Amino acid sequence: MEVKVNNVLVKLINGDITKEKVDVIVNAANAWLKHGGGVAGAILKKGGYSIQKESDEYVQKYGPVNTGDVAVTFAGNLEAKYIIHAVGPIWHGGKNKEEEKLKSAILSALKKACELGVKTIAFPAISSGIYGFPVKRCAEIFKESIEKFTKNNTCLDEIRIVNIDKEDHEIFVEVFSND
Ligand code: ADP
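As the structure is a computational prediction, the values presented were derived from the model and not from experiment.

**Q** I'd like a rundown of the pattern of salt bridges, residues and numbers included.
**A** Tallied over the entire structure, the rule returns 15 salt bridges. Residues R160 and E20 are paired through a salt bridge, measuring 2.7 Å at the closest nitrogen-oxygen approach. Here R160 is found in strand β7 (residues 158–163), whereas its partner E20 is found in the loop between β2 (8–14) and β3 (24–29), with 140 residues between them in sequence. This pair shows no difference in class: R160 is buried, exactly as E20 is.

And the structure:
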């Protein structure tokens with residue numbers, strides 16, 4: 001599914017994010033940039049160990065990444081130029097500023113992509129897997145964040161949201177279809 005949000009093309013895709021041909025792949029990372037399972041595991045498996053090595057060097061130098069914030073590494077063997085590691089919140093029932101923190105992670109990744117001078121970016125549904133964030137609410141926050149960001153966007157041409165899970169992907173399609 002494709003929609004135009006302000007001046008940016010948003011594509012919702014059911015598939016494996018590591019296969020996307022984009023400038024930046026966003027990772028659903030943890031604070032210590034230890035890439036184990038889910039999206040992070042898939043990125044490491046295909047991108048190679050250099051991504052973990054660079055991540056470890058980053059944490060050694062700057063400390064763990066705050067929830068809602070991002071760190072950048074190169075993308076190893078992946079076709080993308082960069083990985084933006086975005087740390088989303090763990091869902092604790094919704095009273096722990098989880099929504100605000102997810103929004104911050106998305107907006108920080110978009111802003112960082114512009115600083116890197118790239119045109120295309122692919123996101124996973126940050127926090128909605130191992131971190132337990134409700135998928136529909138996650139999709140709504142992606143939509144709100146992209147609407148906000150694209151009001152003043154002068155750098156990105158295309159934002160993709162890629163989910164390997166068909167049902168989760170369909171929830172995103174439904175949310176982005178509503179005005
Ligand atoms: P988090 O720890 O932030 O919840 P996960 O990696 O566990 O992150 O999952 C985030 C979302 O990414 C989930 O909806 C999951 O179904 C999806 N996902 C897992 N692997 C992939 C992949 N290779 N490509 C695209 N989406 C994926």
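**Q** I'd like a description of the state of the cysteines, backed by residues and values.
**A** Here the structure, examined in full by the defined rule, presents 1 disulfide. One disulfide in the model links C114 with C155; its S-S distance is 1.7 Å. With a gap of 41 residues between them, C114 in helix α3 (residues 98–116) and C155 in the loop between α4 (135–151) and β7 connect regions that are remote in the sequence. Judged by relative accessible area, C114 falls into the partly exposed class, the value being 23%. Judged by relative accessible area, C155 falls into the buried class, the value being 14%.

**Q** Help me get a handle on the packing of α3 against α4, residues and values and all.
**A** Between two packed helices, the angle of one axis relative to the other and the distance separating the axes together describe the packing. In the contact formed by α3 and α4, the axes pass within 9 Å of each other and the chain directions differ by 45°. When the axis of α3 is compared with that of α4, the two are oblique. In the crossing of α3 with α4, the sense of the turn from one axis to the other is right-handed. Only R137, C138, I141, F142, E144, S145, K148 and F149 of α4 make contact with α3, whose side of the interface consists of E99, L102, K103, I106, L107, L110, K111 and C114.

**Q** How would you explain the pairing of strand β1 (residues 2–5) if you had to name every residue and give the values?
**A** Side chains of β1 alternate between two faces, with V3 and V5 buried and E2 and K4 left unburied. As paired elements, β1 and β2 share 4 bridges and run antiparallel to each other. Looking at β2, one finds that V3 is bridged to V10. If you look at the hairpin formed by β1 and β2, you'll find 2 residues sitting between the two strands, and N6 has a positive phi there, around 50°.

**Q** Mind laying out the packing of aromatic side chains, listing which residues take part and the relevant values?
**A** The full count for this structure, using the stated rule, is 6 aromatic pairs. Ring centres of W91 and F133 lie 4.8 Å apart, and the angle between their planes is 65°; this geometry places the pair in the edge-to-face category. One end of the pair, W91, is in the loop between β5 (82–87) and α3; the other, F133, is in the loop between β6 (120–123) and α4, and 42 residues separate them in sequence. Note on W91: relative accessible area 25%, which makes it partly exposed. Exposure remark for F133: the relative accessible area of 1% places this residue in the buried category. With centroids separated by 6.5 Å and ring planes inclined at 15°, the aromatic side chains of F172 and F176 adopt a geometry described as stacked. Taken together, the positions of F172 and F176, both in helix α5 (residues 166–177) and 4 residues apart, correspond to about one turn of that helix. Across the pair, F176 and F172 agree in class, each one buried. Counting every residue linked through ring pairs, the aromatic cluster contains F123, F142, F172 and F176.

The rules we used
- Residues numbered from 1 in each chain as written.
- Predicted model: local features only at pLDDT ≥ 70, side-chain atom pairs only at ≥ 80, totals over all residues.
- Heavy atoms only, no water.
- Salt bridge = Lys/Arg side-chain N within 4 Å of Asp/Glu carboxyl O.
- Helix = DSSP H or I, 4+ residues; strand = E, 2+ residues; numbered from the N terminus.
- Buried < 20%, exposed > 50% of the residue type's maximum accessible area, 1.4 Å probe, protein only.
- Disulfide = S-S within 2.5 Å.
- Axes fitted to C-alpha atoms, helices over the stretch in contact; angles between N-to-C directions.
- Parallel < 35°, antiparallel > 145°, perpendicular 65-115°, else oblique.
- Left-handed = near helix turned anticlockwise from the far one by under 90°.
- Contact = heavy atoms within 4.5 Å.
- Pairing = 2+ DSSP bridges.
- Phe/Tyr/Trp six-rings, centres within 6.5 Å; stacked < 30°, edge-to-face > 60°.

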